[in-house]
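Read off the chains here:
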Amino acid sequence: MFATYLIGLREGLEATLVVSILVAFLVKSQRRDRLPQVWAGVGLAVALSVLFGWLIEYTSTSLLARSEDRELFEAVTSVAAVVFVTWMIFWMRRAARTMAGELRGRLSEALAVGSVAVAGMAFLAVIREGLETALIFYSAAQGAAGDSGPLLALIGGIASAVAIGVGLYFSALKINLSTFFTWTGALLILVAAGILKYGVHDFQEAGVLPGLNDLAFDITGVLDPGTWYAALLAGMFNVTPAPSVLEMVAWAAYALPVLLLFLRRPAAPARPATNAAAEPSGPAAPGTDSSTTSGTGPATASPRA
C-alpha cells in the first residue's frame, strides 16, 4: 500500500501545484471570473482519469477471458507504467524551474481566446497527471484483487497532496520541494523496478518469455510469503522470495542505472568570467528558490509567488 500512497502523493502534488499556479495567476490578474472555467477543466480531467482507470480494470477482468490474455495485458500495462514513471520523474527534474512561467504564459494566451480555451488549458495541464496515476496505480496494485487497501492508500496520497498544496498556496506550509521530489523520485524508481519485474513475470506466465521456473534464488524459508513483512515488501517494491533469473536481471538492469542517473547532480552551466562580475544577478524566477541550484526539482516556494 505504501507504493500506491506514494504514487497518489507524488502525482497528486504535481497536479495540485499546477492548479494552484493557474488559480494564483487568475487571482493576481483580477480575472476571478475565469476560475469556474479552470475548475471545470480540472473536474473533467479528473473524471476522465477515473474512467480510464475503470476501463483498464474492466478490460483485464471482463473483456479478456483467457488467463494468458490477462497476463499479457497486465505485462504490457506494467511496461507502459514503467515508461511513464521514468519519463515523469526526469521531466519534472528538467522542467520544474520553468513550469510556472510556461503555465502563466499559456493561460494568458487562453484568456485572450475565451472561456473554452481557459477550460481546455486547465484540462490539458491536469489530464496527463491523471492518466499517469490511473495507469501506474493499476500496475502497482496488481495481485491485490478484492483488496481495497491499495485504492484507499491512493486516495490517502492524493488527499495528502491536496492538503500540502493548499498549505503552500496560503503560505501556511513551507517545504523544500526539491528535496521532496528527489526522495519521492528515487523511491518511485524502485517502485517502477518492481513493476517491471512483475511485468516480466507476467510475460513469462503468458509464454512470451522463457525461464519461468529458472529461479535466481529461493528464500521462502526466510521470507515467508504469508508474513506481514513479506507482504509489505511485496506491496512496496515487489520483493518476492523466489523470483526468476530474468525477473532479477530486468530489475537490476532498470533500477541501478536509472537510480544512479537520477541522483547524479547535473553540472551547472558555466558563465563567462568577464560577464559574471558585470551582469546583475537579478531576482529568482517565479516559483523557484535562488539558493537551490541542483536542478533535481522545484525549490521551496509558494505557488502565489
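Residues numbered from 1 in each chain as written. Predicted model: local features only at pLDDT ≥ 70, side-chain atom pairs only at ≥ 80, totals over all residues. Heavy atoms only, no water.

(A) Here's a closer look at the overall build of the protein. When helices and strands are counted, the protein shows nine helices and zero strands. Helices (α) and strands (β) of the protein occur, in sequence order from the N terminus, as α-α-α-α-α-α-α-α-α. Evaluated residue by residue, the protein yields a buried proportion of 45% over its 305 residues. Taking all contacts inside the protein whose residues are at least 6 apart in sequence as the whole, residues at least 24 apart take part in 81%. For the protein, the computed accessible surface area is about 15300 Å², with 68% contributed by carbon and sulfur atoms. (Helix = DSSP H or I, 4+ residues; strand = E, 2+ residues; numbered from the N terminus. Buried < 20%, exposed > 50% of the residue type's maximum accessible area, 1.4 Å probe, protein only. Contact = heavy atoms within 4.5 Å. Areas by Shrake-Rupley, 256 points an atom, 1.4 Å probe, with all protein chains shown as cover.)

(B) Spotlight on the nonpolar core. L13, L22, M99, L103, L107 and F181 are the most contacted members of the largest nonpolar core, which has 39 residues in total. Elements with a minimum of two residues in this core: α1 (2–28), α2 (35–63), α3 (67–113), α4 (115–140), α5 (149–169) and α6 (177–205). Residue contributions to this core peak at twelve residues, all from α1. Discounting chain neighbours no more than four positions away, the residues touching L13 are G8, A161, I164, G165, L177, F180 and F181. Counting residues in each nonpolar core, the second largest holds 32 residues, with A141, I189, V191 and A255 among its members. (Core = buried A, V, L, I, M, F, W, Y, C linked by side-chain atoms within 4.5 Å.)

(C) The packing of α6 against helix α8 (residues 245–263), seen in detail. Relative orientation of the contacting elements α6 and α8 amounts to 160 degrees, with a least axis distance of 9 Å. It follows that α6 is roughly antiparallel to α8 by the angle criterion. Both α6 and α8 take part in a crossing whose hand is right-handed. Considering only residue class, the contact of α6 with α8 consists of 18 nonpolar, five polar and two charged. (Axes fitted to C-alpha atoms, helices over the stretch in contact; angles between N-to-C directions. Parallel < 35°, antiparallel > 145°, perpendicular 65-115°, else oblique. Left-handed = near helix turned anticlockwise from the far one by under 90°. Nonpolar A, V, L, I, M, F, W, Y, C, P; charged D, E, K, R; others polar.)

(D) Geometry of α2. If you check α2, its first and last C-alpha atoms are 40 Å apart, about what 29 residues at 1.5 Å a residue would give, namely 42 Å. Looking at α2, one finds that the buried residues are L35, Q37, V38, G41, V42, A45, S49, I56, T59 and S60. Buried-residue contacts for α2 involve α1, α3 and α4. (Expected span 1.5 Å × (residues − 1).)

(E) Layout of the packing of aromatic side chains. Inspection of every chain in the model, using the stated rule, returns six aromatic pairs. When the ring of W87 is compared with that of W91, the centres are 6.0 Å apart and the planes differ by 20 degrees; the resulting orientation is stacked. One end of the pair is W87 and the other is W91, both in helix α3 and four residues apart, which spans about a single turn. Both rings, one in Y169 and one in F170, keep their centres 4.9 Å apart while their planes meet at 85 degrees; by these two values the pair is edge-to-face. Residue class for Y169 comes out buried when judged on its relative accessible area of 11%. In this structure, R128 packs its charged tip against the face of W91, placed 4.3 Å from the ring centre. (Phe/Tyr/Trp six-rings, centres within 6.5 Å; stacked < 30°, edge-to-face > 60°. Lys NZ or Arg CZ within 6 Å of the ring centre and 35° of its normal.)

(F) Representation of the packing of α3 against α6 in the model. The N-to-C vectors of α3 and α6 enclose an angle of 160 degrees; their axes lie 8 Å apart at closest approach. On the basis of the axis angle, α3 is roughly antiparallel to α6. Judged by the sense of rotation from one axis to the other, the crossing of α3 with α6 is left-handed. Classifying every residue of the contact of α3 with α6 gives 18 nonpolar, three polar and four charged.

(G) Looking closely at the pattern of salt bridges. Applying the stated rule across the entire model yields eight salt bridges. For R106, the salt bridge is made with E102, and the minimal N-O distance between the two is 3.9 Å. In this pair, R106 and E102 are both assigned in helix α3, four residues apart and thus about one turn of the helix distant. For R106, a relative accessible area of 47% puts it in the partly exposed group. Residue E102 is classed as partly exposed on the basis of its relative accessible area, which comes to 41%. For R128, the salt bridge identified is with E129, shortest N-O distance 2.6 Å. We classify E129 as buried; its relative accessible area is 3%. (Salt bridge = Lys/Arg side-chain N within 4 Å of Asp/Glu carboxyl O.)

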